[in-house]
Structures are given as C-alpha cells and as structure tokens.
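Here are the chains, one letter per residue:
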Amino acid sequence: MLNGSGTFDAIAARRAFGDALLERFPFHAFVSKTITLAPREGNPPPRLWETPAGLINSIGLPNKGLDGFLALDLPELAELPVPLVVSVMGFSRDELATLVQRVGEREEVGLIEMNVSCPNVETGLVMGADPVETARAVERVRALTDRPLIVKLTPNASDPAAVALAAAGAGADAVSLINTLKGMALDPRTAQPWLGGRTGGVSGPAVRAIALEQVGAVAAAVSIPVIGMGGIASGRHAADFMAAGATCVAVGTESFRDPAAGRRIAGELAEPQPV
Ligand code: RRO
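Conventions used here
- Residues numbered from 1 in each chain as written.
- Predicted model: local features only at pLDDT ≥ 70, side-chain atom pairs only at ≥ 80, totals over all residues.
- Heavy atoms only, no water.
- Near = heavy atom within 4 Å.
- Polar contact = N/O pair within 3.5 Å; in protein donor to acceptor, adjacent residues only side chain to side chain.
- Areas by Shrake-Rupley, 256 points an atom, 1.4 Å probe, with all protein chains shown as cover.
- Nonpolar A, V, L, I, M, F, W, Y, C, P; charged D, E, K, R; others polar.
- Pairing = 2+ DSSP bridges.
- Helix = DSSP H or I, 4+ residues; strand = E, 2+ residues; numbered from the N terminus.
- Axes fitted to C-alpha atoms, helices over the stretch in contact; angles between N-to-C directions.

**Regarding the site of the ligand**
- Around the ligand there are 11 residues in total, and Lys33, Asn57, Gly60, Asn179 and Thr180 lie nearest to it.
- Here leucine 61 contributes a backbone N or O atom positioned 2.9 Å from an oxygen atom of the ligand.
- Asparagine 115 places a polar side-chain atom, nitrogen or oxygen, 2.9 Å from an oxygen atom of the ligand.
- If the ligand stood free it would expose 310 Å²; the protein chains cover 92% of that surface.
- Taken together, the residues of the shell around the ligand break down into 4 nonpolar, 6 polar and 1 charged.

**Considerations on the sheet that holds strand E9 (residues 181-183)**
- Taken together, the 4 strands give an open sheet; going across it, the order is E3-E4-E10-E9, and neighbouring strands pair in antiparallel fashion. Each edge of the sheet is formed by a strand with only one pairing partner; in this case those strands are strand E3 (48-51) and E9. Strand after strand, the sheet turns through a mean of 35 degrees between neighbouring axes, direction not considered.
- Relative to strand E10 (residues 200-203), E9 runs antiparallel, the two sharing 3 bridges. Residue pairing across strands places glycine 183 opposite glycine 200, the latter belonging to E10.

So, in structure tokens, the structure goes:
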C-alpha cells in the first residue's frame, strides 16, 4: 500500500500526530509530493472543488525546488519507517535529468517516480500524453541513476497502454496510474472557472471505473510492475485493482477524509474478500 503522490503530507502529519504516526504509518512505502528544479508558488487559490463523488485540485506543483527539498524535506522524510519514493517533474528533459541524478545520489531515496502527467501547469504540455515523448524522457535519465524508476502515467492520453509500453521499452522499472483526469468547475455566482488555475484534476470515487479499466489495459500490455490507483477507498476496491493486474495499489483522495485510510484499506485487503 502506497500513497498517491501529493495526497499525504507526511511532514505535516508528523507535526499533527507526533511519533504515533511513525508507529502506525499508513503506507508500506511513501511517495513525496512532486518536486521541480526551481521552487514554485503553485496556482492561485482557490485550489480545490468538491464534486459529488470526488475532488478537483489545481494545486500547481508548489514546492521548495530541488535544493530546498534536499536540504529541508528529505531529512524529515528519511525518518519515516518505510522506503521513500521521490516524485520529480521536469519542464524539459534536461531539467528532468538534473532532478533524477541529484535525487538518486541521496542514499535516503529508495526509488524515483517521474511525474510526466501533471494536469495543472500553465504550458498545458503533458509529456506523458505521448508515447514518443515519454520514451525520450525515460531514455534521457535511465543511465543517470541506479534507483528503480517509476513512470506516473496520465489518464488524459488517448492510449495509456501505448505510453506504458514506451516507458517500459525505454527502461522504466514500473508504471503507476492513474494521475487525475482533467476537469473544471464553474463558480455558480459568476459562471467563471472556480479554480485559480482555471482547470484542475479530478480524483476520488468518480474516477475509479476509469482507473480500473486503464490499469487493466496497462497491466495487459507491459511485464513490469503496475501500481494501481484511482478512487480506492476500501479493501474491495483495492482487490479489484489487483485482480485487474496491479502489482500493488495506492490511496489518494480517501486520505484527505481519513489520514489512516491506507492502513485500514491494507488491512481490509489482507482479509478474504466477500464474493
Ligand atoms: O500539483 C498539482 O496540481 C498536481 C500534480 Br503535480 C499532479 O501530478 N496531479 C494533480 O492532480 N495535481
């Protein structure tokens, strides 16, 4: 059981719950919020909108940048009792290369996730929407680190299985999916976009059926491990993703409602599933 990147702030949770968090950590591996080379403020507020069965976020990658992350966040994340996955995103292949190389040099880091699927950047460019671009990105960084590389796929692609195959062919060790689906909400008073970033990414139960289909399609196409996520909120949901071909699963939006959800769902998954 992992967390979806950006859905659980372990540093804030440690401040809130103290060492009890470490004693009953909700995940078997922890994935950081995505970092970029330069620090970013993120998108203007509002950043969240609740839909009847999910959440739209337009966070916009706020982070301290590579140097800030390595100096300030990494030492705290290294105290977690589970392997650490650092999520990185580059606005170019060169940026990505610097991120992968420098993150991979740190012994605290177990694995690296390449986020090629954020829907909330101004350029609108999503590397992971295209198999050729994805392969180029993985090829560029593959030799720069001996850490396992996970490629986080976007559901906003015409053929996610083709992107997954391209990533695997270029040397990815695993793929994870889904990131959020592009969505929008209007302010009922003004009929203008509610979110400061105009559009956002939809997650939660609303996307589960889509995620399940895409995880199944990707798992059928590749032979590397598949980390499945998208609206998982119970052991039954997690079991469905495993049955569809996921090697392991992650919880995202449900952790906002219940910070202990990862642990609960892992426990439910370990029990025999009622038919
Ligand atoms: O920060 C975000 O707005 C964000 C990211 Br990086 C991502 O990969 N997926 C998402 O829904 N939001």
